[in-house]
Amino acid sequence: MPRAAKKNTIRYRCSECGYVSMSMVGRCPGCGSWGTMSEEETAAGGAARVSSAAASPISSVSVVPEERIPSGIDELDRVLGGGWIRGGVVLLGGEPGVGKSTLLLQACASMASAGRRVLYISGEESAGQLALRARRLGIPTDNVDLLCETDLPVMLAAASGYEFLVIDSVQSFRLDDESGWAGSASQVRNVASMSAELSKREGIPTVMVGHITKQGQIAGPKILEHMVDVVLLFSGERSSSHRLLRAEKNRYGATDELGIFEMSERGLVPVVDPSRLYWNASFQAIAGVAIGISMEGSRPLAAEIQALSCATPFPYPKRTARGIEVNRLQLLLAVLERRCGIFSRSCDVYVNVAGGLSLQDPAADLSICAALASSLKDTPLAGDTCFIGEIGLAGEVRPASRTHLRLREASRLGFRNAVVSGREAIDAKSSRDFSIIKVSSIFQMLERLMK
Ligand code: TYD
Ligand code: MG
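Quantities reported herein were computed from a predicted structural model and do not represent experimental measurements.

On to the overall build of the protein. Helix and strand counts for the protein come out as twelve helices and 23 strands. The principal-axis extents of the C-alpha atoms in the protein amount to approximately 85 × 65 × 55 Å. Here the protein holds 451 residues, and 47% of them are scored as buried. Look at the contacts in the protein between residues 6 or more apart in sequence, and 64% of them connect residues 24 or more apart. Working note: accessible area of the protein is about 22600 Å², and carbon and sulfur atoms make up 52% of it. Looking at charge distribution, the protein has the averaged site of its 50 positive side-chain charges lying 5 Å from that of its 48 negative ones.

Rendered as structure tokens:
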């Protein structure tokens, strides 16, 4: 007689990453978390009972364009890729006090004023606290329904039938049938999966707020980020009133868009001219300062690069970078040394991108190199010149992406000269009060600008 043909098997699944192990282990081999493996039962031989499904070519699938539901906040819509999507689940993470609840309350208010039925469920704050904040910031919440609750099934039952849902936060709800406190891995997974299920079933766009850990990651199991369609991160320095919204994951759009807000006594206000935020428009010629035009998603921004070099008393000189990666700084210093003979071995070098901007765009290389060379040679560059281009290890200046957009922004901001790659296909006569300086290498650029 075949043995154990009908016997159920026990396996162990990690509540953090979903790793499956056939034996009980204390530490998950998948993600390294301790004590997260729990037992689950599966029917053996299940595969034999599964009926087969027919596959079909992707091109034969009929595609209906997704309808976008505007949030009423342009900066938020830009990061979402055009607005909310029916049945789409968004996770919004950020440090406490950064403004997550305020942003969502503002979105609720503008959607309600557009005639949509919206519900804000708060498991963290009392109705009094929320109403007081809305009044203080002047957010018109007349038609926004509010529910203060921490019981998951009660909250889900109340949410049925709405057109937009905010769950603040995923860590504050609890399902009584399941063990663990609110915010524990298993409870967070329940909140996310049951809310997502409601959202998909009824086609309600849903936003869940997620707390963030000290390491800057969304608290709770990693699987949470896999369960949602969009992960947004809201960030900002404590000392500054500016707030940045980025998408970490977006099944419906690009992840490189940046939303910029300013915190005010009227709530979050979109920043209309972000270039002015990061650049003080002084056009002053200072040794070690160069302006690059960097792309943040589809928007060009003026980024002020500041470099400072000074003689070091130590055998190993220091390299410090804020706003760019320190490896990139080291690489560009090496290029300057080998291709232009500008030595920095006996200097400490510091680089800072003004305003707390963080640059990933490779086309910022030329401005970083210009700032470094200007500081190391103690020679100021013309203040009305901006730099656009990527630098290769051979010291060559490579073309940037969307150069026309960048040049248009530079001209709007009042720059008179732009240094770009010699391989850029731009008609130099096309702009009248704006001159384009084409260079093929970093050496050639320094020859022309720092003689
Ligand atoms: P809050 O939205 O509660 O932050 P989070 O939900 O991320 O923890 O905002 C924190 C406090 O800041 C709150 O008391 C309201 C205040 N605030 C303003 O006064 N203006 C603003 O523009 C924002 C965003 C917040
Ligand atoms: Mg909050």
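What follows concerns the packing of aromatic side chains. The full count for this structure, using the stated rule, is five aromatic pairs. Plain terms: the ring middles of Trp279 and Phe283 are 5.1 Å apart, the flat faces sit at 75° to each other, and that makes the pair edge-to-face. Classification of Trp279 as buried rests on a relative accessible area of 3%. With a relative accessible area of 31%, Phe283 lands in the partly exposed category. Connected via pairs of aromatic rings, a cluster forms that spans Trp279, Phe283 and Phe415. Stacked on the ring of Tyr162, the Lys or Arg Arg117 has its end atom at 4.4 Å from the ring centre.

Turning to the sheet that holds strand β6 (residues 89-94), a few remarks are in order. Taken in spatial order, the nine strands make up an open sheet running β8-β7-β9-β10-β6-β11-β12-β13-β14, and their pairing is mixed. Because the sheet does not close on itself, it has two edges, and the strands there are β8 (144-148) and β14 (267-270). Adjacent strand axes in the sheet meet at a mean angle of 25° when their direction is disregarded. Sheet topology places strand β7 (residues 118-122) next to β8; five bridges connect them, and they run parallel. What sits directly across from Leu119, in β8, is Asp145. Sheet contacts for helix α4 (residues 127-137): β7, β8, β13 (258-264) and β14; angle to β8, the most-contacted strand, approximately 145°. Helix-sheet contacts for helix α5 (residues 152-159) involve β7, β8 and β9 (164-168), and the interaxial angle to β7 is about 170°.

With that out of the way, let us pick up the side chain of Gln171. Looking at the element boundaries, Gln171 is found in the loop between β9 and α6 (185-202). Exposure remark for Gln171: the relative accessible area of 10% places this residue in the buried category. A distance of 3.0 Å separates the side chain of Gln171 from the backbone oxygen of Ala219, its partner in a polar contact. Among all residues touching Gln171, those that are not within four sequence positions of it are Ala182, Gly183, Val188, Val209, Gly210, His211 and Ala219.

Definitions and limits used
Residues numbered from 1 in each chain as written. Chains lettered and ligands numbered in written order. Predicted model: local features only at pLDDT ≥ 70, side-chain atom pairs only at ≥ 80, totals over all residues. Heavy atoms only, no water. Helix = DSSP H or I, 4+ residues; strand = E, 2+ residues; numbered from the N terminus. Buried < 20%, exposed > 50% of the residue type's maximum accessible area, 1.4 Å probe, protein only. Contact = heavy atoms within 4.5 Å. Areas by Shrake-Rupley, 256 points an atom, 1.4 Å probe, with all protein chains shown as cover. Lys, Arg positive; Asp, Glu negative; His and termini not counted. Charge placed at Lys NZ, Arg CZ, Asp CG, Glu CD. Phe/Tyr/Trp six-rings, centres within 6.5 Å; stacked < 30°, edge-to-face > 60°. Lys NZ or Arg CZ within 6 Å of the ring centre and 35° of its normal. Pairing = 2+ DSSP bridges. Axes fitted to C-alpha atoms, helices over the stretch in contact; angles between N-to-C directions. Polar contact = N/O pair within 3.5 Å; in protein donor to acceptor, adjacent residues only side chain to side chain.

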